[in-house]
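A structural walkthrough
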Amino acid sequence: MATPNAVKVIRIPPLPSIRDILKLYNLKAMRQLSQNFLLDPGVNNKIVKCCGSIKGAEVCEVGPGPGNITRSVIMKGARKIHVIEKDSRFLPSLQMLSEATYGMVKVIPGDVLHFDMHDLFEESRRKAWDDIPPNIHLIGNLPFNISTPLIIKWMKAISEKKSAWSYGRVRMTLTFQKEVAERIDSPIMTTSRCRLSVMCQNWCDVEMKLLIPGTAFVPKPKVDVGVVHFVPKINPIIPLPFELVEKVVKILFRFRQKQIIRGLAWLFPKNSDTEMAKKLLTDAELKPSMRSFQLSIEEIGRICTVYQGMIEENPRLLTYQRSAELGSDWISREKDSEIEAEEFKKSLSQDDFY
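It should be emphasised that the depicted structure is a prediction, and the values quoted were computed from it without experimental measurement. (Residues numbered from 1 in each chain as written. Predicted model: local features only at pLDDT ≥ 70, side-chain atom pairs only at ≥ 80, totals over all residues. Heavy atoms only, no water.)

1. Examining the sheet that holds strand E7 (residues 204–212)
If you walk across this open sheet you meet the seven strands as E4-E3-E2-E5-E6-E9-E7, and the pairing is mixed. Each having just a single partner strand, strand E4 (105–109) and E7 make up the two edges of the open sheet. Averaged over all adjacent pairs, the angle separating strand axes in this sheet is 20°, with direction ignored. Pairing geometry for E7 and strand E9 (residues 225–232), over eight bridges, is antiparallel. Within E9, the residue paired with Met208 across the bridge is Val228. Against the sheet, helix H3 (residues 68–75) touches strand E2 (58–62), strand E3 (80–85), E4 and strand E5 (136–140), its axis set at about 170° to E3. Here helix H5 (residues 144–160) sits on the sheet and contacts E2, E5, strand E6 (171–177), E7 and E9; the angle it forms with E6, its principal contact strand, is near 150°. (Pairing = 2+ DSSP bridges. Helix = DSSP H or I, 4+ residues; strand = E, 2+ residues; numbered from the N terminus. Axes fitted to C-alpha atoms, helices over the stretch in contact; angles between N-to-C directions. Contact = heavy atoms within 4.5 Å.)

Spelled out as structure tokens, the structure:
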């Protein structure tokens, strides 16, 4: 006899395979949208397994494409699935899944980069931040071109307990190209340690759960893919405003191979930059000769805390930017490294977190 609270697992009635759907609707991956399809149900099941148990859960899948991972989510016992898809070509196949599951799959046309999940899930699922995570999951085989800006946007939402995280510590299971996944999970003193590592690890416990070879995708990408699981922390390691932490971490890793005093000087006006950077590091009890990848998040937190105190004394520092003069000043300071200077100038226009 079934218990009153037993979760009923939906069995999808016979449907065309994803491969047949691609042929039926003449769907092809668009290179400009960084689309790659996973047609192997076994691989899709492994991705969903990385979420942990989703039985009875509400799931939001971002970038579902034709619905391959969606089918695995259904079969694993999710109660309701919201799929957010920007590409209108996939809406008919997703609508087919919605009809086959009697509306359990809710199709939402839209761009996840601009979508607010504040009221997306059932109100009864909200939990206090210091409670166990709610039975809500975000999952997605992300297009490579949006994965980094999206995860940074979500880290900010986590820090502010907004969007999906107004419901509590909602977990995420997302795909990234292998190098990005490794950076997210990268520990201190490793070559892949970067801004993305610090920003994600400050607000979440992260773990790369699975490596998928590029050969599993259609079309085959030039890189392998990593599946990363995120669980928001109850308390971040650096309990300061997102914008302040982001500013400090960004400048530290712009000068990754240089002594940290060289990078931190760019937080201050030129006429006092070295003096203020020395004071910042003295108060943070850190050696000026360290490199950014050698810093623990706690040590970066000490820098941020001292910098916040300097801002309280001089509020103009918060919005101070030296971007207009970075290129020429960098070259005048580093005449012995023209190649690095050129790479640095190019990087100024890139909104990456590598």
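2. Some points on the pattern of salt bridges
With the rule as written, the count across this model stands at 15 salt bridges. The salt bridge partner of Arg79 is Glu122, with a shortest N-O separation of 3.8 Å. Note that Arg79 is positioned in the loop between H3 and E3 and Glu122 in the loop between E4 and E5, a separation of 43 residues in sequence. A salt bridge links Lys80 to Glu122; the nearest nitrogen and oxygen atoms lie 3.6 Å apart. With Lys80 in strand E3 and Glu122 in the loop between E4 and E5, the pair connects residues that are 42 residues apart, well separated along the chain. On the accessibility criterion, Glu122 (19% relative accessible area) is buried. Among the charged side chains, a salt-bridge network with shared partners connects Glu58, Arg79, Lys80, Glu122 and Arg125. (Salt bridge = Lys/Arg side-chain N within 4 Å of Asp/Glu carboxyl O. Buried < 20%, exposed > 50% of the residue type's maximum accessible area, 1.4 Å probe, protein only.)

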